[in-house]
Amino acid sequence: MAYRINSRPSIDLTPNVSIGVKIPLVRKDGVLFDMSRSTRKQALSNLKNLILTRRGERVMYPLLGTTLQDTLFEQNTEVTRNSVITSISEAIQFWLPYITIETASVEEVISQTAAMQEHGFRITLVVSVSNDNANIPITFLITPTTIEIL
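Predicted model, so just to flag it, every value in this text is computed and none were measured.

Describing the overall build of the protein chain
Phase 1: Along the backbone of the protein chain there are three helices and six strands.
Phase 2: For the protein chain, the succession of helices and strands along the chain, N to C, is β-β-α-α-α-β-β-β-β.
Phase 3: Counting across all 150 residues of the protein chain, residues that qualify as buried make up 31%.
Phase 4: Counted over contacts in the protein chain with a minimum sequence separation of 6, partners at least 24 positions apart contribute 38%.

Written out as structure tokens, the structure reads:
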């Protein structure tokens, strides 16, 4: 006897369905809470949110996030840069297993503002989402006073 298996259409095939909120929450043109309508865009928003969350920041989820902000005041050595990549990799493997890091690099950045000179990191990741074969680059600029997604 044959059984009929009910299959649901993919969320990506229904453009009127929102999956989640994009990061950053406010677009440059002022739109607040822009919604993502594909799983790839929502996966990237989840990744950005995970990386920019400080470990221990979320109540009842002490392991959620990374230790990026903690490494900003460490000496800029190869060990520190490797610990940044390790922190990001471990967080992604645990919280977002559907995202794979293809390449990762950390560079020192010195930004000059009107008042002072700041040291920070530029983190460049090339990731792929499990249901998509595209490699997607994401760059973060992190200094003691600013965190930007480039």
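With respect to the layout of surface pockets
Phase 1: By volume, the largest pocket is sized at about 360 Å³.
Phase 2: Taken together, 15 residues form the lining of the largest pocket, with Lys22, Ile23, Pro24, Lys48 and Ile149 sitting closest to its centre.
Phase 3: If you list the elements that add at least two residues to the lining of the largest pocket, you get helix H1 (39-52) and strand S6 (147-149).
Phase 4: For the lining of the largest pocket, the leading source of residues is H1, giving five residues.
Phase 5: Within the lining of the largest pocket, the residues separate by chemical class into eight nonpolar, one polar and six charged.

A look at the environment of Thr67
Phase 1: Relative to the elements of secondary structure, Thr67 occurs in the loop between H1 and helix H2 (68-71).
Phase 2: Thr67 sits in the partly exposed class, given a relative accessible area of 23%.
Phase 3: When the C-alpha positions of Thr67 and Ser87 are compared, they lie 6.3 Å apart, and in sequence the two are 20 residues distant.
Phase 4: Discounting residues that sit within four places of it in the chain, Thr67 has contacts with Arg55 and Ser87.

The rules behind the values
Residues take numbers from 1 onward in each chain, read along the sequence in its written order. In keeping with the model being predicted, local features are shown solely for residues with a pLDDT of at least 70 and side-chain atom pairs are shown and tallied solely at 80 or more, while totals for entire chains, interfaces and linings include all residues. Processing note: side-chain calculations cover all non-hydrogen atoms of the structure and skip hydrogens and water entirely. Starting at the N terminus, helices and strands are each numbered in turn, a helix being any DSSP run of H or I of at least four residues and a strand any DSSP run of E of at least two. Whether a residue is buried, partly exposed or exposed follows from its accessible area with a 1.4 Å probe, protein chains only, as a fraction of its type maximum: under 20%, in between, or over 50%, in that order. The contact definition used throughout considers only heavy atoms, calling two residues in contact when any of these lie within 4.5 Å. Site definitions follow a grid-based scheme: protein atoms alone, a 1 Å grid, a 1.4 Å probe that fits but cannot get out for cavities, and for pockets an open set with protein on both sides within 12 Å along at least five of seven lines, plus lining residues having an atom within 4 Å of a point. Grid points are joined across faces, edges and corners, and a volume is the space filled by probe spheres set on the points. For this classification, Asp, Glu, Lys and Arg are treated as charged, while Ala, Val, Leu, Ile, Met, Phe, Trp, Tyr, Cys and Pro are nonpolar and the rest, including Gly, are polar.

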